[in-house]
Amino acid sequence: MKQEKSNDLYRKALNYFPGGVNSPVRAFRSVGGTPIFIEKGEGCYLTDADGNTYIDFCCSWGPLILGHNHPRVRESIIDSLSNGTSFGAPTAKENELAELILQHNPYIEKIRFVSSGTEAVMSAVRLARGYTGRPIIVKFEGCYHGHVDSLLVKAGSGLSTFGISSSAGIPESVASDTMVLPLNDKRALEVAISDFAHDIAAIIIEPVPANNGLLLQEKSFLEFLRKITADNNIMLIFDEVISGFRLGFTGAAGYYGIQPDIITYGKIIGGGLPVGAYGASAEIMSKIAPDGDVYQAGTLSGNPVAMSAGIAQLRECLNDVLYYELERKTIRFCEKLNGFAEDKSYDFRVFSIASIFWFAFTDKEKIRSSEEIDPESMRHFKKLHKILLENGVYLGPSGYEVGFISAAHTEEVLESAAEKICNALDQVFSELPEGISKV
Ligand SMILES: *Cc1c(COP(=O)(O)O)cnc(C)c1O
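What you are looking at is a predicted structure, and each value in this text was computed from that prediction instead of being measured.

In this section: the site of the ligand. Around the ligand sit S116, G117, T118, Y144, H145, G146, E206, N211, D239, V241, I242 and K267, and that is every residue in its neighbourhood. At 2.9 Å, a side-chain N or O of N211 approaches an oxygen atom of the ligand. Note that an oxygen atom of the ligand is positioned 2.6 Å from one of the side-chain N or O atoms of K267. In isolation the ligand has 380 Å² of accessible area, and contact with the protein removes 82% of it.

In structure tokens, the structure reads:
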């Protein structure tokens, strides 16, 4: 595998950007080595600056459910581009994308488009605080909600349920309005709510936590969360930036049949262009400016080119067969890998839901909270990532990140990828010192 051009580009990028990148995980810090620079994507393949091709399981971190450069998405973008790129005034495209979503998603009645998942979550949190007039937000350890100040918070030490910031630059006064609870722990939730019910504006959760491994929650936990929030007039925010339009057109809300108060979207909704959104009932959304007193705005919100990409991609997603096929392919792919690891007695397991999967170096049957992930196991992922890259399989460069299967990943491609992954696992486990991690 040649990497000269990528290396040159990276060296230059180091002069321009902190760590040479515009988003930290792209820097390959947790897997070692240096990032490959992408030249183009087509279907399920990526080609880098040196001409190497890879089967892509990162899919731009989730947005590309149809794969790269899907012809209808591309044509829709080009068509829109020829009329100009941005007007700062409404266009019919915004109505079109909103109609497409609202007519097929009974969990929200009104929507507001923004330009990223972070922006969607930030706005949803402000809406919840504005609507309830309460200050506290509860989040769960192991859920990521973008780089919103009040959510870059981790559990504090000792008995304090209030958080401490997980990034420099976030004052204690901001972090201390966020409480952090463990996932899948009804008791912790009950205690927090009984102590602070009248101060909690909202509880936010990734209903399918997929940013710190894949920490699949029991449906009963999500139902409990819905009930206890409703009983205490606390808003429930589903952060569906990953799960929205991924677990089906109606996302995790539809998958579990749970009605949250506010839902945030991102990633798939923009067809590969920068779009985020948040939605709720018409009554809750009436709090947003200019109808209501919760201010939220955006120069490029509802950008017509981005709307066109979203419209084209979501139109394809209206087809139930798409989701059925994605899930079927993902199950087959994961079963193959799990069967292999089991036969060889490797401490390795693939967890999955719909077309999301996560490689975990573990002997556990289930992993539902972040403390069940062994940080030591990440050195195995590091090796796996390197071997796969050299063999033409691209995974997101961190063992805490999930992988995605797109409509463009054919059975044949997945078969060949599974074979490469099995070979790579043999290599990873053969390099382990005696007695470690082989059962
Ligand atoms: C990606 C993600 C975000 C942040 O979205 P950006 O577009 O990166 O700002 C927020 N929440 C969840 C659940 C995400 O997966």
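Each assigned domain of the chain is listed with its residue range as follows: domain 1 (4–69 + 319–435) and domain 2 (71–317). Centre-to-centre, using C-alpha coordinates, domain 1 lies 26 Å away from domain 2. Listed as interface residues are 27 residues of domain 1 and, on the opposing side, 32 residues of domain 2. With both chains or domains summed, domain 1 and domain 2 bury close to 2,600 Å², and 60% of this area falls on carbon and sulfur atoms. By the criterion of area lost to domain 2, the three top residues of domain 1 are Y323, I353 and R368, representing 27% of everything that side buries. In this structure, E218 and R368 form a salt bridge, with 3.6 Å as the shortest nitrogen-oxygen distance. Counting the contacts that link domain 1 with domain 2 gives 11 residue pairs in polar contact (both at pLDDT 80 or more). Secondary-structure elements contributing two or more residues to the side of domain 1 that touches domain 2 are helix 11 (320–343), strand 13 (349–353) and strand 14 (356–360).

Moving on: the side chain of D48. Structurally, the position occupied by D48 is in strand 2 (residues 45–48). One polar contact links D48 to Y54, side chain to side chain, over a distance of 2.7 Å. Those residues in contact with D48 that sit more than four places away from it in its chain are I36, F37, I38, E39 and Y54.

Another aspect to go through is the packing of helix 3 (residues 92–102) against helix 10 (residues 304–317). Geometry of a packed helix pair, given as the angle between the helix axes and the separation of the axes. Packing of helix 3 against helix 10 brings their axes to within 9 Å, and their N-to-C directions diverge by 30 degrees. Comparing their axes, helix 10 and helix 3 come out roughly parallel. Helix-helix and strand crossings are classified by hand; for helix 3 and helix 10 the assignment is left-handed. Residues K93, E94, E96, L97, L100 and I101 of helix 3 touch helix 10, and the partners they reach there are P304, M307, S308, G310, I311, L314 and R315.

What follows deals with the sheet that holds strand 16 (residues 403–404). What the three strands build is an open sheet, ordered 13-14-16; its pairing is antiparallel. In this open sheet, the two edge strands, each paired with only one partner strand, are strand 13 and strand 16. Bridge count for strand 14 against strand 16 is two bridges, and the pairing is antiparallel. Note that in strand 16 the partner of I356 across the bridge is F404.

Before going further, it helps to examine the environment of L189. When you line up the elements, L189 lands in helix 6 (residues 186–196). Separated by 35 residues in the primary sequence, L189 and F224 place their C-alpha atoms 9.4 Å from one another. In this view, L189 contacts F140, L181, I203, F221, F224, L225 and I228; residues no more than four positions away in its chain are not counted.

The mixed open sheet is built from seven strands, whose spatial order is 4-12-11-10-9-5-8. Each of the sheet's edge strands pairs with one partner strand only, and the pair in question is strand 4 (110–114) and strand 8 (178–181). Averaged over neighbouring strand pairs, the angle between their axes works out to 20 degrees when direction is ignored. Relative to the sheet, helix 4 (residues 117–132) contacts strand 4, strand 5 (136–140), strand 9 (200–205), strand 10 (235–239), strand 11 (262–265) and strand 12 (276–280), its axis offset from that of strand 11 by approximately 165 degrees.

The next point concerns the pattern of salt bridges. Tallying each qualifying case throughout the model produces 17 salt bridges. Between K219 and E223 there is a salt bridge; the shortest N-O distance is 3.7 Å. Taken together, the residues K219 and E223, both in helix 7 (residues 219–231) and four residues apart, mark about one turn of the helix. Between E365 and R349 there is a salt bridge whose closest N-O contact spans 3.2 Å. Here E365 is found in the loop between strand 14 and helix 12 (378–390), whereas its partner R349 is found in strand 13, with 16 residues between them in sequence.

In this section: the state of the cysteines. For the structure shown, the criterion picks out zero disulfides. You can see C44 has no disulfide; the closest cysteine sulfur is in C59, sitting 8.2 Å from it. On the basis of relative accessible area, C44 is assigned to the buried category, the value being 3%. Here C317 stays free of any disulfide, with the sulfur of C59 as its closest cysteine sulfur at 13 Å.

The rules behind the values
- Residues numbered from 1 in each chain as written.
- Predicted model: local features only at pLDDT ≥ 70, side-chain atom pairs only at ≥ 80, totals over all residues.
- Heavy atoms only, no water.
- Near = heavy atom within 4 Å.
- Polar contact = N/O pair within 3.5 Å; in protein donor to acceptor, adjacent residues only side chain to side chain.
- Areas by Shrake-Rupley, 256 points an atom, 1.4 Å probe, with all protein chains shown as cover.
- Domains from an automatic or database assignment.
- Contact = heavy atoms within 4.5 Å.
- Buried area = accessible area lost by both parts, 1.4 Å probe.
- Salt bridge = Lys/Arg side-chain N within 4 Å of Asp/Glu carboxyl O.
- Helix = DSSP H or I, 4+ residues; strand = E, 2+ residues; numbered from the N terminus.
- Axes fitted to C-alpha atoms, helices over the stretch in contact; angles between N-to-C directions.
- Parallel < 35°, antiparallel > 145°, perpendicular 65-115°, else oblique.
- Left-handed = near helix turned anticlockwise from the far one by under 90°.
- Pairing = 2+ DSSP bridges.
- Disulfide = S-S within 2.5 Å.
- Buried < 20%, exposed > 50% of the residue type's maximum accessible area, 1.4 Å probe, protein only.

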